[in-house]
Every structure is written in C-alpha cells, then in structure tokens.
Amino acid sequence: MARRLKKLLVANRGEIALRIIRSARVFGLKTVAVYSAADATSAHVGAADEAILIGPAEAAKSYLNIAAIVAAAKQFGADAIHPGYGFLSERPEFAQATADAQIVFVGPRPEVMAALGDKVAARRIAVAAGVPVVPGIETAEISAAREFAALVGYPILIKAAAGGGGRGMRVVAEASQLETALEAAAREATAAFGDGRIFIEKYLAHPRHIEIQILGDDHGNVVALGERDCSIQRRHQKIIEESPAPGLSAEMRAKMIDAALKLARAAGYTNAGTAEFLVESDNFYFLEVNARLQVEHPVTEMRFGCDLVCEQLRIASGGKVDEPAAPRGAAIECRINAEDPEHDFRPATGTVLHLRVPGGPGVRFDSHLTSGAEVTPWYDGLLGKLICYGADREEARGRLVNALGEFSLLGVTNNAAYLRDIIASDQFRDAKLSTHFIDSFFSGWRIGGPEIDAAIVAALITAGDPQAETGALPQNNNQRRSPWDGLGNFELWGSRK
Ligand code: ADP
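All of these numbers come straight from a predicted model, not from anything done at the bench. All residue numbers here refer to positions counted from 1 along the written sequence of the relevant chain. Local features in this predicted model are restricted to residues whose pLDDT is 70 or higher, and side-chain atom pairs enter the listing and the counts only when it is 80 or higher, whereas totals over whole chains, interfaces and linings include all residues. Side-chain metrics rest on all non-hydrogen atoms present in the structure, leaving aside hydrogens and water.

A.B. asks: I keep staring at helix α9 (residues 250-267) and nothing clicks. Help me out?
C.D. replies: For an α-helix, 3.6 residues make a turn, and residues three or four places apart therefore share a direction. Spanning 18 residues, α9 covers 26 Å between terminal C-alpha atoms, matching the ideal 26 Å at 1.5 Å per step. The buried label goes to any residue with under 20% of its type's maximum accessible area, the exposed label to any with over 50%, and the partly exposed label to all in between, with areas taken from a 1.4 Å probe on protein chains only. Strands are runs of DSSP state E lasting at least 2 residues, helices are runs of H or I lasting at least 4, and numbering of each runs from the N terminus. Of the positions making up α9, those classed as buried are M252, M256, A259, A260, L261, L263, A264 and A267. Residues count as neighbours in contact if any of their non-hydrogen atoms are within 4.5 Å of one another. Contacts made by the buried residues of α9 are with α5 (110-117), α6 (119-128), β10 (208-216), β11 (222-234), β13 (271-280) and β14 (283-290). A helix is expected to span 1.5 Å multiplied by its residue count minus one.

Below is the structure:
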C-alpha cells in the first residue's frame, strides 16, 4: 500500500500553510501554495515551490472553492492535498473530490469525516463504543426538552448538530426561556450551517476541556499522543493550551486515552485527529472528534519530540504509526490574535510596521508574519502561536512570560499583553483551570502602564533609528542601538525591568 508522494498542494493560508510547507519539504515533497487576491504577498506563497491564485479575497470563492483547488492540484501535478485546519479541512465533499481526482487527501476518509462531523452521529458512535457523553437528548421537541431540563436541572445547552468553532451553541438559564431558545437555535443553525438539527446537553458548571491526540494508519493501527488541556477559552474559543493537563491523574489520563482509542477504532479513523472531552471532578464526557490537525498541535510535538505534519504525510504515503516514545517535560501555547482586548476583542487589521520575534531555549513561534505584511479583515485573526517548552510547567510558563515580553508587534493591535498577564497570573500559575477561567479572573482586563498609541511608537522607531527594523533587543545604555532605549522604561505593557 506504500505510495511514493512527490508533490503536495496546501489548501490553506496563514501560519498553518507555512508550517505544512516547511514539514513537507523536510519530508521530501515539492509544494504548491494556493492563495486569494488578498494574500498575493503572504509568506506561504513565497515559501512554496509553486503558487497559484485561486480566487478573490472572499473565502467562499477562494480557500473554500473545492473545484478551483482540485483543478490547481491537477494542473501542477500534485499527488496529495493537505487541508490544514479550518476552511475545507472537515468537509467530506472536499476529501471526496480529492479522491475522485486520484489525489491523496491528507486526512481521514470522507465517510469517516462525515460521520464524525455531525455532532449527533458522533455522539452515537461514542455511546455505542461505551464512551461516556454529556447527558443529553437528541430532540428539539419542546415537551421532551422540558422533561430533560427538569431531570438534569438548568442551565442547559442547545447545540447545532452541524456546529463548530464555538458557533451554534446557546445556554438556556431557566425554563421560561426554553421554547424561544429552541426555536431561535434551530433558525440560527439553518442560517449558519444549512442544517437546522439541534440537540440538548446538560451545561456543565465548571468543566475543563481536555483532548487526546490520535494517529491512525491504513493498517488498522491507532495510537494516542497524550492529552492537551485547552480550558482557557474566550467565548468557547481556545486561547491558551498546554500539555500535560495539570493535575490530571495517571488513572484518568489512561481512561481518556482508552476512550479516544475505542472511538477512533469504532469510527475507522485514519490520519491525525483529536478526541475532545469535558472533565468535571472525576468524570469525563466525550464532546466531539476533530478530524484534522488542531491549531494547538505544537504542544504535543514539543513533548513527544515529533512532527505531526510529517506523521500525517507518512500515514498518507501508506506508512504505519508506531507507539510513541514516552513524553517529556511540559509545553504551553498561546494564540496571538489581531484583536483589541480593551475593546471587546474587536478584530484588528493593519500593516506590520515592526516585528520583534522572541527566541531562546524552548521557544517556538509559528507564524506567517513579516515586517510589512498586511493583516486584512478577510480571514480569522490568528497572527501566530507562541509555544514554550520546559522541563516542567513552571519552566515552560516562565519562558512563555519572557517570550511574550520580548515579542513586539506594532501596526496591528493584538492580544499579546493580555496573554502575558494571564500566563503570568497567580491563577494560571496555580492552574485554576476551567472553561470559565477568563470570565472568573480576566473579564474587564485593561492594559497596564502608560497609554501610548502603538502607531506613534512605531513611527518614532522607524523614523528615529534605521536599525529598528532589525528588531534588535535592547542593548546596554552606552550602546543605545535600539530605539526602545530612547523610550526610557516604557513598554507596551508595564515598565521594563
Ligand atoms: P465546537 O465544535 O463549536 O468547538 P464543542 O462541542 O467542541 O464545540 O465545545 C466547545 C466548548 O464549548 C467546550 O470546550 C466548552 O468550553 C463548551 N461546552 C461545550 N459543551 C458543553 C457542555 N455540555 N457544558 C459546558 N460547556 C460546554
């Protein structure tokens, strides 16, 4: 069954496209990038061996355009397509169109993806495999919903069967809201996903989100690469992820890994995937399987010393997965987004005027950012992921706090200072983790230190010192090589030590 792949088309953009291209090259493949009109000068375009414009800025006409992407793969003679995450990565029709064109899809088979992509169908697979799920009912019928809510107690959570990415969920706090909430949820699901099916779950009060990384091959082998704790979320979207999950007992970890493997086997899962669970006290409940590479996969890579994209390519080439070596140390990732944490996380756009990338032992920055890059409003605002590894959690955390302090990006408002405050906090240090962490400890966060418009600082820097663009770290006082020195103790967050 071994297939020798030669050329990979990467059906994505941003940091993940660049990250996949890098690994594909190491794996020995030629690469083809696709890009929209808004991304012509994007880093992934320059990084690939070949690149093709597939459509205008609107994702629906470019990165979501199955026909254009498959045609591009054929035109360039690509024998495999990697979908990345987001966009078409979990669309069975894309995997099918790729297979129909005799091109290898780097992911699970379309029918497996279809079964798992539907939250109701995935719940059924879990139940049949003996994996615990959040108590729930698969109906939107009002009297059954009332009965269920009376049994488990409010609040309850209405979910869209086709939902994803934190969308299509609605918390119902009390009985009087139930009927209108059911109707609105079904209506919204139809509008957002073209599928109005909804189901209801008990809303867990203080869960942690813990997920298991799995890899499966075409020979029936499935292995797990430990867990990631992704409890630090804002509006059900992850912002900080780590591995191992602090305080998770070996027994609980073993049970969750066993459940994830059972699920993967029951679904006939191949390639990289993630089984997501909620954990509350001594119980864990299956949430869903994400049939793709996750944004937060680097924390697993750093502990296991592996490259998950290369593993995906090996599996796609017909290779076998092996039991992983024992993991070491701890890794924490945070997502640097183009958004304004002081103004309700409003999305930000702009031109990167100055970028200083942190470094040092155990520091990794996965990003497509470069000086002069444009951040447009067309796509999600992920600018990069900063990941730190350490012998233990405290070392990883200390490195990440430092790295976020070194990181500086002017011209595009972002959440780096916010992330730094969270990761430096006593609550995070003490791992008081739950999906309500942000609401409990960081609602109403304001930036510390003087309020100086970043654009003014950027202008000062570029006008005042030609060396600024090198992004050099501050030197000692005699040298005054960095314009930051001219700003005294000013930092975009707090004062410099
Ligand atoms: P999506 O596919 O949109 O990411 P998930 O089902 O994976 O949705 O859930 C995303 C997040 O929503 C979880 O990590 C958790 O914070 C919250 N959530 C989901 N289901 C529940 C539940 N039953 N009780 C409490 N929180 C939940």
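A.B. asks: Looking at this structure, how should I read the packing of helix α4 (residues 92-100) against α5?
C.D. replies: When two helices pack together, their arrangement is given by the angle between the helix axes and the distance between those axes. Throughout, an axis means a line fitted to C-alpha atoms (over the contacting stretch in the case of helices), and angles, computed between N-to-C directions, take values from 0 to 180 degrees. The geometry of α4 relative to α5 is characterised by a closest axis approach of 8 Å and an angle of 180° between their N-to-C directions. The orientation of α4 with respect to α5, classified from their angle, is roughly antiparallel. Contacts between α4 and α5 involve P92, A95 and Q96 on the former and, on the latter, P110, M113 and A114. We call two directions roughly parallel when the angle between them is under 35 degrees, roughly antiparallel when it is over 145, roughly perpendicular when it lies between 65 and 115, and oblique otherwise.

A.B. asks: Sorry, what's going on with the site of the ligand here?
C.D. replies: Near the ligand lie 21 residues; those nearest to it are K119, G166, H209, Q233 and E288. For the shell around the ligand, the elements supplying multiple residues, two or more each, are β7 (156-164), β8 (167-172), β9 (198-202), β13 and β14. Considering each element in turn, the shell around the ligand owes the most residues, three residues, to β7. Partitioning the shell around the ligand into residue classes produces seven nonpolar, seven polar and seven charged. When we break the shell around the ligand down by domain, the ones giving at least three residues each are domain 2 (135-202) and domain 3 (208-441). Residues are classed as near a molecule or strand on a simple rule: at least one heavy atom within 4 Å of it. Residue polarity is assigned by list, with Asp, Glu, Lys and Arg as charged and Ala, Val, Leu, Ile, Met, Phe, Trp, Tyr, Cys and Pro as nonpolar; anything else, Gly included, falls into the polar class. What counts as a domain boundary in this text is fixed by an automatic or database domain assignment.

A.B. asks: Where do I start with the packing of aromatic side chains in this structure?
C.D. replies: Describing an aromatic ring pair means giving the distance of the ring centres and the angle of the ring planes. Only the six-membered ring of Trp is used, alongside the rings of Phe and Tyr, when aromatic pairs are assigned; centres must lie within 6.5 Å, and planes under 30 degrees apart are stacked while those over 60 apart are edge-to-face, with the rest tilted. By the definition in use, this model includes eleven aromatic pairs. When the centroid spacing of 6.2 Å and the interplanar angle of 75° are considered together, the rings of F277 and F286 count as edge-to-face. Of the residues examined, F277 reaches a relative accessible area of 0% and is grouped as buried. F286 sits in the buried class, given a relative accessible area of 0%. Through pairs of rings, three or more aromatic residues link up here, namely Y63, F87 and Y379. Lysine NZ or arginine CZ positioned within 6 Å of the ring centre and within 35 degrees of the ring normal marks a charge as sitting over the ring. The positively charged end of R234 is found above the aromatic ring belonging to F345, 3.6 Å away from the centroid. Above the face of the F428 ring, R393 is positioned so that its terminal group lies 4.4 Å from the ring centre.

A.B. asks: Can you help me understand the environment of F441 in this one?
C.D. replies: Of note, F441 is situated in helix α15 (residues 437-441). Residue class for F441 comes out partly exposed when judged on its relative accessible area of 33%. Along the chain, F441 and S425 lie 16 residues apart, while their C-alpha atoms are 9.4 Å from each other. The contacts of F441, once residues within four sequence positions are left out, are Q427 and K432.

A.B. asks: Explanation requested: the nonpolar core in the structure shown.
C.D. replies: Counting 58 residues, the largest nonpolar core has L9, F94, L116, V131, M256, F277 and F286 as its most contacted members. Here the element with the most residues in this core is α9; it accounts for eight residues. Put simply, a nonpolar core is a bunch of buried Ala, Val, Leu, Ile, Met, Phe, Trp, Tyr and Cys residues held in one set by side-chain atoms that sit within 4.5 Å of each other. In terms of nonpolar packing, the next biggest core, distinct from the first, is built from 38 residues, A338, L383, L419 and I422 among them.

A.B. asks: Got a minute to help me understand the sheet that holds β8 in this structure?
C.D. replies: Think of a sheet as strands paired side by side through backbone hydrogen bonds, with each pair either parallel or antiparallel. Criterion used throughout: strands pair if DSSP finds at least two bridges between them. Reading across the sheet, the four strands line up as β6-β9-β7-β8 and stay open at both edges, with antiparallel pairing between neighbours. A strand with exactly one partner marks an edge of an open sheet, and here the two such strands are β6 (136-137) and β8. Strands in contact with helix α7 (residues 142-152) are β6, β7 and β9; relative to β9, the strand with the most contacts, it is inclined by about 15°.

A.B. asks: I would appreciate a short explanation of the sheet that holds strand β15 (residues 330-337) in the present structure.
C.D. replies: Across the sheet, eight strands lie side by side as β14-β13-β10-β11-β12-β15-β22-β20; this open sheet has antiparallel pairing. With partners counted over all chains shown, the strands left at the sheet margins are β14 and β20 (363-367), one partner each. Taking the axes of each pair of neighbouring strands and ignoring which way they run, one obtains an average angle of 25° across the sheet. Where strand β12 (residues 237-243) and β15 come together, four bridges link them in antiparallel fashion. Counted as the bridge partner of E242 is I332 from β15. Across the sheet, helix α11 (residues 308-316) is in contact with β10, β11 and β13; its angle to β10 comes to roughly 40°. On top of the sheet, helix α12 (residues 393-406) reaches β12, β15, β20 and β22 (382-390); it is set at about 140° to β22, its chief contact.

A.B. asks: Is there a simple way to think about the pattern of salt bridges in this case?
C.D. replies: Two side chains carrying opposite charge are able to pair once their charged atoms lie near each other. By definition, a salt bridge exists where a carboxyl oxygen of Asp or Glu is found within 4 Å of a side-chain nitrogen of Lys or Arg. Applying the stated criterion across every chain, the model contains 39 salt bridges. Residue E93 is joined to R91 by a salt bridge in which the shortest nitrogen-to-oxygen separation is 3.0 Å. A residue is classified by how much of its surface remains accessible, and E93, at 41% relative accessible area, is partly exposed. Judged by its relative accessible area of 32%, R91 is partly exposed. Beyond isolated ion pairs, a larger network of salt bridges with shared partners links E211, R228, K238, E241, E276, E296 and R335.

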